[in-house]
Amino acid sequence: MTNKGFYCLLLGLFSVLLSFSQTEKDSTSIAIEETPIIANETLVKKEIDPLRPSKAAFYSAVLPGLGQAYNKRYWKIPIVWGAIGTGVYFYVRNNKQYNRYRDAYKSRLAGFKDDEFYGLISDDGLVRAQQQFNRNKEMSLLITLGLYALNIIDANVDAHLLQFNVDENLSLSPHYQYNEMENTSDLGLTLNFKF
C-alpha cells in the first residue's frame, strides 16, 4: 500500500469515527442518576452513560488520541501522538540502520568489496551491528505497543472518572475519640451517606 493510499484510509476511518461519535445516544443505554444537589429550587439530573468508557477505549484503539477527544481531554492528544510518534521514529531509524549493515554484509558474502563499510568494519563487526540494531528495533516496537496500550487504558479510565460521584453526600473521614471511662482512645473511619 502506498503512502497516499494509507493516508486516505486513515482519513476515511477518522471521518467515520467522528460521525459515529456525533450520533444520538441510544436511550436504552443511558441511566439518569438524580443527585440531591439543589440549584435554584430544582433537582439537577446527571446523565450516566455506561457505554462511555468502552466507546472511548474503542476510539483510542482505532486511532490513538480519538478516545481522548471523545472524553474532551484535548490537551492529551499531542502527548499521545508525540509518544507513539517517537516510538515509531526510533523503530524506523533502527530498521534503516539494520538494513544498511545487512546489505553491506550480504554484499561481502557475495564477494563484492564496494560497500560503504569496507575497510572500516570487519565482517564480524557487521554481524554485531545487525544484532544490535535488530534488538533496538524490537525494543522500539515493544515500547510503541506499550504506549499504544497505555493510550487505550488512559481513555477508558478517564471516561470512568468523568462519571465518578464526588459530591458532599458521600464522605469518608477519620475520627479520634477519647474514652474517659476506660482511659483509652478509639481511632477509626466514619462513612457518611446522606439521602
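Details of the structure are given in the entry above.
(A) Spotlight on the overall build of the chain. Helices and strands together make up the secondary structure of the chain, namely five helices and four strands. Listed by position from the N terminus, the elements making up the chain come as α-β-β-α-α-α-α-β-β. Taking all 195 residues of the chain together, the buried fraction comes to 24%. Put simply, 46% of the contacts in the chain that link residues at least 6 apart link residues at least 24 apart.

(B) The packing of aromatic side chains, seen in detail. On inspection of all chains with the given rule, the structure shows five aromatic pairs. Plain terms: the ring middles of F58 and Y59 are 6.0 Å apart, the flat faces sit at 55 degrees to each other, and that makes the pair tilted. The buried category is assigned to Y59, whose relative accessible area is 6%. Taking 5.2 Å as the distance between ring centres and 80 degrees as the angle between the ring planes, the aromatic pair formed by Y59 and Y70 counts as edge-to-face. With Y59 in helix α2 (residues 52-62) and Y70 in helix α3 (residues 66-70), the pair connects residues that are 11 residues apart, well separated along the chain. Side by side, Y59 and Y70 carry an identical accessibility label, which is buried. Among the aromatic residues, those joined into a cluster by ring pairs are F58, Y59 and Y70. The ring of Y70 carries the charged tip of R52 above its face, separated from the ring centre by 4.8 Å. Note that R100 overlies the ring of Y101, its terminal NZ or CZ placed 5.8 Å from the centroid.

Cut-offs and rules
- Residues numbered from 1 in each chain as written.
- Predicted model: local features only at pLDDT ≥ 70, side-chain atom pairs only at ≥ 80, totals over all residues.
- Heavy atoms only, no water.
- Helix = DSSP H or I, 4+ residues; strand = E, 2+ residues; numbered from the N terminus.
- Buried < 20%, exposed > 50% of the residue type's maximum accessible area, 1.4 Å probe, protein only.
- Contact = heavy atoms within 4.5 Å.
- Phe/Tyr/Trp six-rings, centres within 6.5 Å; stacked < 30°, edge-to-face > 60°.
- Lys NZ or Arg CZ within 6 Å of the ring centre and 35° of its normal.

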